[in-house]
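Structural overview
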Amino acid sequence: MLQGKTLVISGGTRGIGRAIVLAFAKEGIDIAFTYNANGELATQQAAELEKEFGIKARAYPLNILQPEEYKTVFEAIDKDFDRVDFFISNAIISGRAVVGGYTKFMKLKPKGINNIFTATVNAFVVGAQEAAKRMEKVGGGSIISLSSTGNLVYIENYSGHGTCKAAVEAMVRYAATELGEKGIRVNAVSGGPIETDALRAFTNYEEVKDKTAELSPLNRMGKPEDMAGACVFLCSEKSSWVTGHTLVIDGGTTFK
Ligand SMILES: NC(=O)c1ccc[n+]([C@@H]2O[C@H](COP(=O)([O-])OP(=O)(O)OC[C@H]3O[C@@H](n4cnc5c(N)ncnc54)[C@H](OP(=O)(O)O)[C@@H]3O)[C@@H](O)[C@H]2O)c1
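So, here is what we can say about the structure in this document. (Residues numbered from 1 in each chain as written. Predicted model: local features only at pLDDT ≥ 70, side-chain atom pairs only at ≥ 80, totals over all residues.)

It is at 8 Å that the axes of helix α1 (residues 15–26) and helix α8 (residues 224–235) come closest, and there the two elements cross at 50°. Relative to α8, α1 is oriented oblique. Considering the relative orientation of α1 and α8, their crossing is right-handed. Counted together, Gly 15, Ile 16, Arg 18, Ala 19, Ile 20, Ala 23 and Phe 24 of α1 and Pro 224, Glu 225, Met 227, Ala 228, Gly 229, Cys 231 and Val 232 of α8 form the full contact between these two elements. By residue class, the composition of the contact of α1 with α8 is ten nonpolar, two polar and two charged. (Axes fitted to C-alpha atoms, helices over the stretch in contact; angles between N-to-C directions. Helix = DSSP H or I, 4+ residues; strand = E, 2+ residues; numbered from the N terminus. Parallel < 35°, antiparallel > 145°, perpendicular 65-115°, else oblique. Left-handed = near helix turned anticlockwise from the far one by under 90°. Contact = placed C-beta atoms within 7 Å. Nonpolar A, V, L, I, M, F, W, Y, C, P; charged D, E, K, R; others polar.)

The next point concerns the packing of helix α3 (residues 69–80) against helix α4 (residues 110–137). Contact geometry of α3 with α4 gives a least axis separation of 9 Å together with a crossing angle of 30°. Between α3 and α4, the interaxial angle falls into the category roughly parallel. In this structure, α3 crosses over α4, and the sense of that crossing is right-handed. The residues of α4 that touch α3, namely those facing Tyr 70, Lys 71 and Phe 74, are Val 126, Gly 127 and Glu 130. Split into classes, the residues belonging to the contact of α3 with α4 amount to three nonpolar, one polar and two charged.

Neighbouring residues of the ligand: 30 residues in total, closest Gly 11, Gly 15, Gly 191, Thr 196 and Ala 198. Listing elements by their share of the shell around the ligand, those giving two or more residues are α1, β5 (141–148) and α6 (197–200). (Near = placed C-beta within 6 Å.)

What follows is about the pairing of β5. Of all the eight residues making up β5, eight are buried; the element is thus mostly covered by neighbouring parts of the structure. Alternating positions in β5 separate into two faces, Gly 141, Ile 143, Ser 145 and Ser 147 on one and Ser 142, Ile 144, Leu 146 and Ser 148 on the other, with burial throughout. Both strand β4 (residues 86–89) and β5 contribute to a ladder of four bridges, which runs parallel. When the bridges of β5 are listed, Ser 89 appears paired with Ser 145. (Buried ≥ 20, exposed ≤ 12 C-beta atoms within 10 Å, placed from the backbone. Pairing = 2+ DSSP bridges.)

What follows is the structure, encoded as structure tokens:
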């Protein structure tokens, strides 16, 4: 049913993006994914996906701090693929780019917050606009933004990210409302703490890991694969009346 369709996803090399790429490849979906620093790894991963799953897979460079780059990325995708059915805005910045954004409230700086906003909200908007133009041509599609429960519950140093995730969830609802008439559904998948490089970069990683396992009725932290299933569901006909929604995948941690 999903076979022969095409997914475009940002940040497909590592963590949650990589798990999503593998889950969609298993469904026989062709994949265009982006990378930032890991070009060599991405090219190798694309070749492996083609060999292992018999799909078409290609990797493209993208810096989400320059969202307009999406236009060039989609032009390249147009040359390699004949359709776009699904778009997932997954990539996130870390390291120097989040200085002044990933910190305590009193240390926040406009530049750090703006960088996170650009990478989270502006990148979603430009990527989703380009994707929607292509989806319209094939009669519809599904768009997803990754989000985080850090916009609902307190996570130390996460005010910049949490606020931008709240904003992208609002943008998802606006996009869903206006794109529905084109047969395009738009949703967010919001995760509790998931074991990835981004989380391992948290200054209090061990503490977050232990606390998450303690809070979850399932007694463990999230894995990237836990998020991938929700994305496959939201791109399948099984979710045909789900739009403008945030699907929370948190191992039951947010309620406690
Ligand atoms: N981990 C969590 O606990 C958690 C929880 C809830 C939601 N999320 C969300 O899930 C998404 C993925 O997070 P993750 O933990 O999987 O992240 P990650 O492991 O740090 O992976 C980040 C991905 O984004 C790419 N990337 C990094 N900087 C970029 C830039 N400037 N421009 C374009 N791409 C860039 C990386 O590509 P390269 O390999 O080429 O550098 C990589 O593929 C994010 O939206 C995050 O907020 C994460």
